[in-house]
Amino acid sequence: MEELFGYAGKILRVNLGEKNFKIENLNRDDARMYLGGSGLSAKILYTELQKGVEPLSPQNKIIFSTGPLTATAAPGSGSVNLCFKSPLTRIWGEARSGSDWGPMLRKAGYDILIIEGRAPSPVYLVIENDKVEIHDALEITGLTTSQKTSYLKQKLGKDFEIATIGPAGENKVFYSSVMFGNGSRAAGRTGAGALLGSKNLLAVAVKGNGKISIAHPQEFYSSCRESSQKLLSNPDNIGLKLNGTTGDLGKCDNAGDWPTKNWHSNSWGKGQELYDQFKKNNLVGSHGCYKGCILFCGRIAKVESGKWKTPEHEGAEYESISAFTAFIMNDDMDAAVHATYLCNEYGLDTISTGAAIAFAMECHEKGILSKSDFGGLSMDWGNMDSTIEMINKIAHREGIGGTLAEGVKKASKVIGKGSEEFAVNIKGLEGAAHDPRSGKALALTYGVGNIGMSHIHPIEGMAYDAYKVDFGLIPYGLEDPKQVDRFEETGKGKASKILHDFGIIPDAIGLCKFYIYAGLTPDDISKTLSTLTGWDIDGKELLKIGERIYNLQRMFDIREGISRKDDDIPQRVKKIPDFGKYASTPESAIQNYEAMLEEYYNARGWDLNGIPKREKLRELGLEWIKK
Ligand code: SF4
């Protein structure tokens with residue numbers, strides 16, 4: 001058989017109910033059409049899952065996928081993408097994490113791991129090249145993510161890479177995460193942890209010693225070197241290593257890109273001061289989440305002493321810290337660092353957890369829920385004693401924690417009394433720590449995102465609008481962001497279409513998304529990809545593949561009932577902030593979202609209800625999708 005360069009070439013399929021596994025060949029045509037990662041996973045899940053499958057039933061599947069760049073010398077290639085039907089949103093679910101786990105899966109000989117069925121009792125999976133074993137997990141049940149990781153490393157050997165869930169995943173919290181690294185790197189969004197919990201799979205350990213074959217080694221290594229030099233010579237990228245994403249607190253606050261007090265505002269005025277506190281008291285150093293990273297956005301943090309004493313750990317990045325500062329009006333950085341650490345240990349998505357607590361605080365403020373409803377906790381804004389207790393309650397589904405564990409959309413339906421109005425979510429996913437009132441393209445990223453209100457699936461629209469990043473897309477039709485007013489709405493639909501087609505590519509090829517923010521363009525990536533695989537892919541085709549994947553995931557959602565009505569964004573996020581720097585800037589409010597949406601649908605070749613037209617599906621090679 002002709003060699004498939006750039007791929008391990010195999011899929012490992014494990015059925016936990018039947019306690020067996022199969023090794024299948026990767027379909028060459030599918031690899032060419034969808035590349036890998038969340039692209040190939042979309043093809044598999046669209047084909048193999050029944051419409052309407054219950055997310056936490058044995059019939060749902062979860063895929064751990066890598067891309068062609070994973071475990072190669074390409075800079076930034078340490079990703080793994082998890083794809084499934086989400087218990088939180090009941091549509092396309094996806095989460096990405098960096099670590100050495102994805103590269104190790106490829107070294108073990110697999111591009112993709114598919115988990116099916118449900119084990120009758122807790123188990124963990126051990127993969128060592130072609131040896132695959134399912135073990136009883138009684139001894140790790142109930143442990144935190146770092147405890148499970150240490151235990152398994154001690155038992156199996158330190159060369160194994162471990163993916164685990166924590167107590168939150170075991171308790172099927174709808175936004176529980178799967179943790180990688182040493183329990184410090186999260187595939188956080190949309191509830192991958194609950195999926196594993198529902199399958200009674202507490203951990204996956206992997207080790208291998210294979211290599212990926214390269215079509216044109218000399219050209220490939222030279223392309224990798226060029227990319228690395230480009231990234232390292234860009235002075236802007238030094239900040240990522242020095243300050244990490246947390247260093248953006250001041251910048252985002254200033255730009256009106258920092259959701260504050262459950263989205264009452266988009267700025268607080270305390271961002272820089274909080275970062276200074278962090279730098280002085282909590283920051284220990286920087287860290288790369290996998291061995292080949294050259295950008296080092298990871299933070300090592302700690303709280304030395306006092307009430308929130310927290311051991312040295314990797315975490316405290318921008319999103320997590322924002323969720324436990326501005327979201328809930330807490331200005332004690334030690335407490336925020338502690339809260340994010342606790343979420344990682346329990347295996348909770350920090351964004352959704354912070355958002356659920358902000359929602360609870362607003363229920364308390366408005367008198368919708370009382371102290372006794374919260375099990376005696378005073379859920380006043382910024383109360384960190386109560387916040388920490390509430391994190392415990394959510395992870396263990398205790399009392400009101402059980403309601404909040406299912407996300408703000410569902411919780412607001414249970415609680416009622418007008419709380420639906422401030423349960424900020426899109427398609428059931430809580431919003432991240434970026435605000436479309438800082439740059440209107442983000443409104444579309446949030447509105448039409450295939451997983452819901454995520455800033456980074458597929459791309460942070462405000463990076464284009466508020467921070468003027470062009471991603472090397474101007475030759476492909478993107479209007480130069482420097483010529484664009486961030487508050488203008490016309491033109492953002494067309495721009496977002498191009499941004500989304502490119503923004504989905506890193507998730508399909510195993511590339512950390514920061515590398516496109518840091519300077520890798522479609523031209524750089526297509527060169528690396530072509531020399532690796534031997535396929536002749538140029539920037540234009542790369543964007544076409546992105547468009548195909550975006551439409552396929554959209555069709556997955558449409559099959560689950562999604563249409564234009566679900567692409568709307570919450571009223572609170574559209575209006576002028578109640579307080580803060582932009583409270584008297586009416587142009588920051590979103591004036592005509594429907595017009596932006598229609599411009600986007602037109603650019604995409606979708607009908608007015610947001611459904612891809614037949615001719616668009618045909619053009620993309622997706623005619624196999626049944627209406
Ligand atoms: S930039 Fe950050 S997330 Fe990306 S590979 Fe490096 S450490 Fe990991």
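Refer to the structure above for everything that follows.
Residues numbered from 1 in each chain as written. Predicted model: local features only at pLDDT ≥ 70, side-chain atom pairs only at ≥ 80, totals over all residues. Heavy atoms only, no water.

How do you make sense of the sheet that holds strand E5 (residues 92–98) when you look at a structure like this?
Picture the strands of a sheet paired through backbone hydrogen bonds; they go either parallel or antiparallel. An order of E2-E1-E6-E3-E4-E5 is seen for the 6 strands of this open sheet, with the pairing classed as mixed. Looking at which strands have only one partner, the edges of the open sheet turn out to be strand E2 (20–25) and E5. Across the sheet, the mean angle separating the axes of adjacent strands is 15° when strand polarity is ignored. Bridge count for strand E1 (residues 10–15) against strand E6 (residues 112–116) is 5 bridges, and the pairing is parallel. The residue of E6 that forms the bridge with Asn 15 is Glu 116. Across the sheet, helix H2 (residues 37–48) is in contact with E1, strand E3 (62–65), strand E4 (79–85), E5 and E6; its angle to E3 comes to roughly 155°. (Pairing = 2+ DSSP bridges. Helix = DSSP H or I, 4+ residues; strand = E, 2+ residues; numbered from the N terminus. Axes fitted to C-alpha atoms, helices over the stretch in contact; angles between N-to-C directions. Contact = heavy atoms within 4.5 Å.)

Just checking my understanding: could you explain helix H25 (residues 593–604) for this structure?
In an α-helix, one full turn covers 3.6 residues, which means residues spaced three or four apart are oriented alike. When the terminal C-alpha atoms of H25 are compared, their 16 Å separation across 12 residues agrees well with the 16 Å that a helix rising 1.5 Å per residue should span. Those residues of H25 hidden inside the fold are in contact with helix H17 (441–448), helix H19 (492–503), helix H23 (539–559), helix H24 (571–574) and helix H26 (614–619). Of the residues trailing H25, Gly 605 is marked for its positive phi of about 75°. (Expected span 1.5 Å × (residues − 1).)

Sorry if this is basic, but what is going on with the layout of surface pockets here?
Unfilled space is identified by rolling a water-sized probe across the atoms. Reported here for the second largest pocket is a volume of approximately 710 Å³. In terms of lining residues, the second largest pocket is bounded by 32 residues, among which Lys 409, Lys 413, Asn 425, Lys 427 and Gly 428 are the most central. Elements with a minimum of two residues in the lining of the second largest pocket: helix H16 (408–415), strand E16 (425–426) and H24. Per-element tally for the lining of the second largest pocket: the top contributor is H16, with 4 residues. Looking at the lining of the second largest pocket residue by residue, the class counts come to 13 nonpolar, 5 polar and 14 charged. (1 Å grid on protein atoms, 1.4 Å probe; cavity = no way out; pocket = protein on both sides within 12 Å on 5 of 7 lines; lining within 4 Å. Points joined across faces, edges and corners; volume = space filled by probe spheres on them. Nonpolar A, V, L, I, M, F, W, Y, C, P; charged D, E, K, R; others polar.)

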